[in-house]
Amino acid sequence: MGCPLALCCLLTLLLPLLTPGASMSPAERISQAYDPALYMRKNTSTVLQTYLQCQGSPLSDSGFSAPELQLSSLPPADISFKTWHALDDGEHLSRVQGPFLALTQHLQLMGNDQRDPNPGSPILLAQLSDARLRAQGLLGNMAAIKAALGLPTPPVEDTPGLVPFGASAFKKKRRGYIVTGEYGHWPDRAMRDLALLKAKYPI
């Protein structure tokens, strides 16, 4: 957050949340969302790398990977091209909003989980907090785009549901691994949706 470029991108990302009444065209809203989302996509791997380094073996072992692990409350970003291409504008946006809401909540939970095992890792806690703010900013941008397009903006469903606070330390670490992994995938999915809309609604 000390980098001026990072701060500028974050403020731009959060702008729709700060100025909900601003009147902008769909093209302007989409363009406003695009660059901060691109910045977020380029920096997601840093969160995963920092997280793994702080968890100890086996997560911190060189080459560790477990792509088969999933959370029922956080759907994977993968989608077939045929299904994705058939989505309308509202579906492109809504299908990103739900997972990003789940990401904001899981990232907050991860921050709580990491304070006990890693009280001496302020970098990790700061990165998790920053990631959560960026996910919240993208949510605000998606809602602003839908409003500019005249699409309904119902409240996004609260996805995580019951949280197993009594989970073992390893289960918490595994959950965090899944969340940081999906945090790396969903911005890429969001960028594809925004790129499609940007081409459809040029300035």
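Here, every reference points to the structure presented above.
Remember, it's a predicted structure, so these values are computed and weren't measured experimentally.

The rules behind the values
- Residues numbered from 1 in each chain as written.
- Predicted model: local features only at pLDDT ≥ 70, side-chain atom pairs only at ≥ 80, totals over all residues.
- Heavy atoms only, no water.
- Salt bridge = Lys/Arg side-chain N within 4 Å of Asp/Glu carboxyl O.
- Helix = DSSP H or I, 4+ residues; strand = E, 2+ residues; numbered from the N terminus.
- Buried < 20%, exposed > 50% of the residue type's maximum accessible area, 1.4 Å probe, protein only.
- Contact = heavy atoms within 4.5 Å.
- Axes fitted to C-alpha atoms, helices over the stretch in contact; angles between N-to-C directions.
- Parallel < 35°, antiparallel > 145°, perpendicular 65-115°, else oblique.
- Left-handed = near helix turned anticlockwise from the far one by under 90°.
- Nonpolar A, V, L, I, M, F, W, Y, C, P; charged D, E, K, R; others polar.

Q: How should the pattern of salt bridges be read in this particular structure?
A: Note on pairing: side chains with opposite charge can pair once their charged atoms come close. Per the stated rule, a full pass over the model turns up 5 salt bridges. In this structure, Asp188 engages Arg41 in a salt bridge whose closest nitrogen and oxygen atoms are separated by 3.2 Å. Pair noted here: Asp188 is in helix 6 (residues 169–200) and Arg41 is in helix 2 (residues 26–53), with a separation of 147 residues, a long-range link. By relative accessible area, which is 32% here, Asp188 ends up partly exposed. Residue classification places Arg41 among the partly exposed residues on the basis of a relative accessible area of 32%.

Q: How should the environment of Leu71 be read in this particular structure?
A: Within the secondary structure, Leu71 sits in the loop between helix 2 and helix 3 (81–85). Among the residues examined, Leu71 registers a relative accessible area of 19% and is labelled buried. Spatially, the C-alpha atom of Leu71 lies 8.2 Å from that of Val179, the residues being 108 residues apart in sequence. Setting aside its immediate chain neighbours within four residues, Leu71 contacts His106, Arg175, Ile178 and Val179.

Q: Please clarify how the packing of helix 2 against helix 6 should be interpreted in this entry.
A: Angle between the axes and distance between the axes are the two parameters that describe a pair of packed helices. One can describe the packing of helix 2 onto helix 6 by two numbers: an axis separation of 9 Å at closest approach and a directional angle of 160°. On the basis of their axis angle, the class for helix 2 and helix 6 is roughly antiparallel. Like other packed secondary-structure pairs, helix 2 and helix 6 cross with a definite hand, here left-handed. When the residues that make up the contact of helix 2 with helix 6 are grouped by side-chain class, the tally is 17 nonpolar, 5 polar and 5 charged.

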